[in-house]
Amino acid sequence: MIIVLKPGTDPKEAQAILEQIERLGLKPLFMPGTERVVLGALGDERVIASLHLESHPHVESVTPILAPYKLVSRELHPHDTVVPLGDHTVFGGERFIVIAGPCAVESREQMDQGARAVKEAGASALRGGAFKPRTSPYAFQGLGEEGLEILAQAGRAHGLPVVTDVGDVAAVERHADALQVGARNMQNYRLLQALGHCRKAVILKRGMAATLNELLLAAEYIVGEGNPNVILCERGIKTYEPATRNTLDLSAVPYIKQKSHLPVLVDPSHGTGRRDLVEPMACAAAACGADGIMVEVHPDPALALSDGEQSLYPDQFRALMRRLKPFV
Ligand code: PEP
Ligand code: MN
């Protein structure tokens, strides 16, 4: 529920309403504006209705938030959220952000070469998984904490913030600038709540069979615990089409932009699974209003320990960056 107070309402009155909301076990929100103070009450709609705030003498209007998600909805928060990525980069601002790098951290040399290549081509952040969520337990699982150190070192050496999958929240939080929740973890609600307690950016990838409502409700778990720095990522969903690894649902981008204030990232690498389709889908992502893309690039994709077939060669990444010039 969004509660707009009358102009000039004494802050003590606002406080009293917030306390009333809290006493009922609802979540109170305080959103002071330049002209009006806006309050929020989140929780069971029937309990909120029992407050009869519409007839309160200092209340101008009471409007229900119709979406099932509240904190991440545009109804509550009309302006775009801008998420810091490290100390010098923001995601969701004016610039289209390109996060690039190998699927997995494999060695110091591979990350150094990968970071140099993507930095020289104009990437804004470096990716690399150290705790890899692999379908097969026999596939390369990542280098773990050693991988995080290698990634962080490559990021520092080349002046790039780093993004990595949350295998171990505490370790990843120490080393990375953005914590990536992989598609398989989108509905791991205890993990999402734990990420709500850190302040770093969280890249929440859409589950492979998740609806957009489910994605937005998953984001609500993180924001609800106090971390507003969430980036939503469309990475393709499972459909009946076998020609591509996943079906990249680009209509998700303008849909989410309408419904939510959170910034949107597109991953055309996992979205297609084929390096020849990455460039056109990356351009399509920019054209449909995404705030950035995350692309897998490997110094030598033929030798990659994971996702080599969808990883760009460094010269292909340079060509992609040239095509994205009007956006970056
Ligand atoms: C990845 O980014 O390498 C990855 C494993 O992604 P997803 O969770 O989308 O499959
Ligand atoms: Mn990958």
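Residues numbered from 1 in each chain as written. Chains lettered and ligands numbered in written order. Predicted model: local features only at pLDDT ≥ 70, side-chain atom pairs only at ≥ 80, totals over all residues. Heavy atoms only, no water.

**Thoughts on the overall build of the protein**
Thought 1: Across its full length, the protein carries eleven helices and 14 strands.
Thought 2: Rg of the C-alpha trace for the protein: 21 Å, near the compact-globule value of 20 Å for 328 residues, within the 12% margin.
Thought 3: With respect to the three principal axes, the spread of C-alpha positions in the protein is 70 × 35 × 35 Å.
Thought 4: A buried classification covers 52% of the 328 residues belonging to the protein. (Helix = DSSP H or I, 4+ residues; strand = E, 2+ residues; numbered from the N terminus. Rg over C-alpha atoms; globule rule 2.2 N^0.38 Å. Buried < 20%, exposed > 50% of the residue type's maximum accessible area, 1.4 Å probe, protein only.)

**Observations concerning the site of ligand 1**
Thought 1: Near ligand 1 the following residues occur: C103, R127, K132, P133, Q180, G182, A183, R184, K205, R235, H270 and E296.
Thought 2: Separating an oxygen atom of ligand 1 from a side-chain N or O atom of R235 is a distance of 2.7 Å.
Thought 3: Of the residues that constitute the shell around ligand 1, the class distribution is three nonpolar, three polar and six charged. (Near = heavy atom within 4 Å. Polar contact = N/O pair within 3.5 Å; in protein donor to acceptor, adjacent residues only side chain to side chain. Nonpolar A, V, L, I, M, F, W, Y, C, P; charged D, E, K, R; others polar.)

**Describing the environment of E13**
Thought 1: By the secondary structure assignment, E13 is in helix α1 (residues 11-23).
Thought 2: C-alpha of E13 to C-alpha of P57: the two residues are 44 residues apart in sequence and 9.9 Å apart in space.
Thought 3: Apart from the residues lying within four places of it in its own chain, the contact partners of E13 are H56 and H58. (Contact = heavy atoms within 4.5 Å.)

**Section: the coordination of the manganese ion (ligand 2)**
Thought 1: In the first shell of the manganese ion (ligand 2), the protein supplies C103 (SG), H270 (NE2), E296 (OE) and D307 (OD), at 2.0 to 2.4 Å from the metal.
Thought 2: Written as a sequence motif, the donor arrangement for the manganese ion (ligand 2) is C-x166-H-x25-E-x10-D. Here E296 lies in strand β14 (residues 292-296) and H270 lies in helix α9 (residues 268-272), a separation of 26 residues in the sequence. Across the pair, exposure class does not vary: H270 and E296 are buried alike. (Donors = N, O, S within 2.8 Å, 3.2 Å for Na, K, Ca; no water.)

**Description of the sheet that holds β14**
Thought 1: With respect to topology, eight strands assemble into a closed barrel ordered β7-β8-β9-β10-β11-β12-β13-β14, the strand pairing being parallel. Between one strand and the next, the sheet's axes are offset by a mean angle of 25°, whatever the strand orientation.
Thought 2: Its contacts with the sheet place helix α3 (residues 108-121) against β7 (97-101) and β8 (125-127), and it is angled at close to 145° to β8. (Pairing = 2+ DSSP bridges. Axes fitted to C-alpha atoms, helices over the stretch in contact; angles between N-to-C directions.)

**Some words on the packing of aromatic side chains**
Thought 1: In total, this model carries two aromatic pairs according to the counting rule given.
Thought 2: Each ring, one from F96 and one from F327, has its centre 6.1 Å from the other, and the planes form 55°; the classification is tilted. One end of the pair, F96, is in the loop between β6 (89-91) and β7; the other, F327, is in the segment after α11 (314-323), with 231 residues separating them in the sequence.
Thought 3: On the basis of relative accessibility, which here comes to 4%, the residue F96 falls in the buried class.
Thought 4: Ring geometry for Y189 against Y221: centres 4.5 Å apart, planes inclined by 25°, an arrangement best described as stacked. Remark: Y221 occurs in helix α7 (residues 212-224) and Y189 occurs in helix α6 (residues 189-195); sequence separation between them is 32 residues. (Phe/Tyr/Trp six-rings, centres within 6.5 Å; stacked < 30°, edge-to-face > 60°.)

**Notes on unusual backbone geometry**
Thought 1: One non-glycine residue, H52, lies in positive phi territory at about 50°.
Thought 2: Mapped onto the elements of the fold, H52 is located in the loop between α2 (45-49) and β4 (59-63).

**Thoughts on the domain arrangement of the protein**
Thought 1: Taken as a whole, the protein is organised into domain 1 (2-63) and domain 2 (83-323).
Thought 2: A straight line from the C-alpha centre of domain 1 to that of domain 2 covers 38 Å. (Domains from an automatic or database assignment.)

**Regarding the pattern of salt bridges**
Thought 1: Taken as a whole and assessed by the stated rule, the structure comprises 14 salt bridges.
Thought 2: The salt bridge involving E234 is made with R206; its shortest N-O contact spans 2.7 Å. Of the two residues, E234 sits in strand β12 (residues 230-234) while R206 sits in the loop between β11 (201-205) and α7, which places them 28 residues apart along the sequence.
Thought 3: Looking at E234, the relative accessible area reads 2%, which means it is buried.
Thought 4: Residue classification places R206 among the buried residues on the basis of a relative accessible area of 5%. (Salt bridge = Lys/Arg side-chain N within 4 Å of Asp/Glu carboxyl O.)

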